[in-house]
Amino acid sequence: MKRVLVALSMGASVLLAACGGSSVSTNPSTGAPVTSAPTPPAAQLIGTGATFPAPFYDAARFAYNQKFSQVTINYNALGSGAGISQLTKKVVDFGASDVPMSATELTAAGGSDNVVQIASTLGTESLAYNLSGVSNGQLKLTPKTIAGIFLGTIKNWNDPALSADNGGVSLPNQPISVVHRSDGSGTTYIFTDYLSTVSADWKTKVGKGKSVSWPVGQGAKGNEAVATTIKQTPGAIGYVELAYVIQTNMTQASLQNHDGTFVIPSAGGATAAASQFLAINPTQFSIVDAPGKNSAPISGYSWLMLYKDQAEKTKGAALVDFLDWLVTDGQQYAVNLHYAKLPANLVKDDIISLKTVTSGGSTLLNVPAPS
Amino acid sequence: MVPTPLVAASRQRRLVSGDRVFRVIAYGAAGLVMLIAVIFIVALVVPALPAITKFGLGFFVTRTWDPVRGEFGALTPIYGTLVTSAIALLIAFPIGLGAALFLAEDARLSLLRSPLSFLIELLAGIPSVVIGLWAFFILVPLMRDKVDPFLNHTLGFLPLFRGTPSGYGFLTAGLVLAIMVLPIMIALSRDVIRAVPRELREASLALGATNAETIWSVILPYARVGITGAILLSLGRALGETIAVTMVIGNSVQISASLFASGYTLPSVIANEFTEANGNVYLGSLFYLGVVLVLITIVVNVLARLLIWRFSGSSRAAV
C-alpha cells in the first residue's frame, strides 16, 4: 500500500521539479542569476535504520536526487537497531531510529558530543478495530480502557467500563482479540510509551520499549500484518500507524486525549500534539498524551543521526545539505504519506544542530542561522 | 583412427594432470565447506557470549522474555517449537506412512504412482513463505470458524482444546508444519519400505499371510529403523521452519496448555526481533536462541542419519 503512495509522490516530485525548474535559477529580489546558490557536491550517501519513516525517506531521497542528480542517497530500512549499530561502526553516513540513541549507545559511538541527532518527521498511531456494526470513529476509548484492554483486564467488548464511555453504541458480547507487533519497532515504542504515561499499572508491569513482554494478545510482523490480522479477526483491536489505517480503510477508535476530548487520530492531531512540547531534544523526546484540545494522544518523532565531525568534506557537505532540505522543503513528501510536518521550533533546532557539523574544523552547512 | 603410442602416452599424462587438478579442486571445495561450518559456529557462539555468561544454563528453564527489563529465557520458544513440531509429526506420520505404503506396495494402482510422486515433489518444492501466505489467509479463518470450534465442542473436556479460538496458535502452526514435512516423510518412508528384501515379502505371502498382515508383521518391523529416521529428519525440518510458522503462531510469549492459544517458536523470536535488538545482552540472547536451535537440530539430524545409515547401509536417504 505504502509503495503505491511512494510511487505517486515520486511522480508528483517529478512534476514539481519540472514546474519549478525556471524559478530556482534567478534570485527573486534582484532578478540576477544566482551564482552562489548552495549546490551540494557530488556524493553517494548511505543510510540505514528505522522502517517506520522509510516510505518518507524513500520519497524524499528520490525527490532530492531529481533536484540534484549529482547526489545519490541509499536508504536501507533494516530497523532502528541496525541504524544505530551501523552508524556506530561507521559503515553508513547516517543512521535512523524511532528512538534517539541512549546514553550507552552514544558512549559506544564516541560520546554524545560526537553525534548529532535531529528529528526528521512526526507520526501518529490509531487503534484500529474489527467490530461489525460499529463504524469508523464510533468506538470511544479512554486512556483507562486502552490500558485495560492491553493489560488484559478488559476481556470482552461488553465490559461495563467500555459501555460507560460508549452510550448509544451496542457493543457485542464478544471476546477482545488484542493484536500487537511481534517485531521490534518504533511503533511499539511510541504506543508503550503512551501506555506507561497514562497507566501506572502498565508502567510497573510491562514498561516501554521497541519490544515488550505483552500480557495478552498475539503478535504480527509489521504494520501491514497487524492491519490484516485485525481485518480478518472479528473482535480484534490493535495499534497501527495512521497511514496504514487510512490506506486500507480500517475503522479506528476515537481516543480521549489529555484534555478529555475525543479525537480521531490524524496528521493534524500529531502536529497539534507536537506544538505542545517546545523543548524537544534527543533526551526529552516523548510527546505522547499531549495536552491541547486537538492533540492526537499517541504521537511521536522519528530521528536521524550523523557524526559531528565528517571525515570526507564533500560527502559531509552533501549530507548536511540533504538533511537541511529534508527538514524544510522535503517535509511536503511526509505530508503526502500521512506523516505530519515538523513544527517550526523543531525545524529550527534541527538546522542549528546541522550547523554544528564540521569537517576539518569548518562548518559544512552554510545557511543563515534560523531566528 | 588408432592413436600412435606416443600420442596415447601424452594423453595419459594429460589425464593424470587433469586428475591432479580435479583432486585439488575437490579437496579445496571440501575444505572450504568445513571452514564455513567452523566460521559459522564461531560466529554464532561469540555474539551469544554476553547472554551465555549472564544467564548460563538457567536460560533453558526461564519463561520470561522481557526486552524492557533485559531478562531473557528460552523456555517459552523451546516449548512452542517442540509442541508445534510434535503436532506436525502426529499428523504427518500416519498420513505419510499410509501414502508411502501405497506408493511402495500397492501394485494395482500403479497408474496413479507417478502422478502422485510428482505431486509430492511439487509440494516439497513450494517455498515456505507461499505456504505461510496461504495459511494466513485461508487456513487461519477456516480454523477459527470451523475446525477449532468443532474440536472445542467435541473434545473440549481436554485442556488441549479449551479457550477461545482465534485461528492463530499452536494447532494451526502444527498443521502448517505437517503439510511442509509430509513430502519428506513420504519420500523417505517409501524408499526404506522399498528396500525391504523381496524374499521376506514373498515368504510371508507364501505362508498364507494377507497383504495387510505382511505389511504389519514383516515390512513395517523390518523398515522400523528407517521410518524412525524419516520421522527424525521430518522433525529436523519442522524445528527450523521460520516464516510460515511466524505468520500463524500468534507470536506471544506464553506457555499454554490450550492448542488454540498463541505461542512462540525459536526461529520466530529470532526473525521477529533481530532488527531492533539493541544492547549486547538482548542481541546475545537472540544468538543464544540460535545456538539452542542449532544444538537441537544437530542432535535430531545426527540421530536420523545414524538410524537411516544403519538401516540401509548407505547415505542414499540423504535429503
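Residues numbered from 1 in each chain as written. Chains lettered and ligands numbered in written order. Predicted model: local features only at pLDDT ≥ 70, side-chain atom pairs only at ≥ 80, totals over all residues.

Below, the discussion takes up the overall build of chain B. Looking only at helices and strands, one finds ten helices and two strands in chain B. Scanning chain B from its N terminus toward the C terminus, one meets helices and strands in the order α-β-β-α-α-α-α-α-α-α-α-α. A principal-axis box enclosing the C-alpha atoms of chain B has dimensions of 80 × 60 × 35 Å. Here chain B, with 319 residues, has 40% of them falling under the buried criterion. Taking as baseline every contact in chain B between residues at least 6 positions apart, the subset at least 24 positions apart corresponds to 77%. (Helix = DSSP H or I, 4+ residues; strand = E, 2+ residues; numbered from the N terminus. Buried ≥ 20, exposed ≤ 12 C-beta atoms within 10 Å, placed from the backbone. Contact = placed C-beta atoms within 7 Å.)

So, on to unusual backbone geometry. All names here are of chain A. Despite not being glycine, K90 has its phi angle at roughly 60 degrees, a positive value. Position of K90 among the secondary structure elements: in the loop between α3 (80-88) and β3 (94-97). Positive phi, close to 55 degrees, is recorded for N249, a residue that is not glycine.

Let us look at the interface of chain B and chain A. Counting residues at the interface gives 23 residues for chain B and 29 residues for chain A. Put simply, the parts of the chain that give the side of chain B that touches chain A at least two residues each are β1 (65-66) and α9 (266-273) of chain B. Each residue belonging to the side of chain B that touches chain A can be placed in one class, and the counts come to seven nonpolar, twelve polar and four charged. (Nonpolar A, V, L, I, M, F, W, Y, C, P; charged D, E, K, R; others polar.)

Moving on, we come to the sheet that holds strand β5 (residues 140-141) of chain A. Residue and element names in this part refer to chain A. The three strands lie next to each other as β5-β10-β11, forming an open sheet whose pairing is mixed. Here the strands that pair on one side only, and so sit at the sheet edges, are β5 and β11 (262-263). Across two bridges, the pairing between strand β10 (residues 254-256) and β11 is antiparallel. By the bridge assignment for β11, L255 is matched with V263. (Pairing = 2+ DSSP bridges.)

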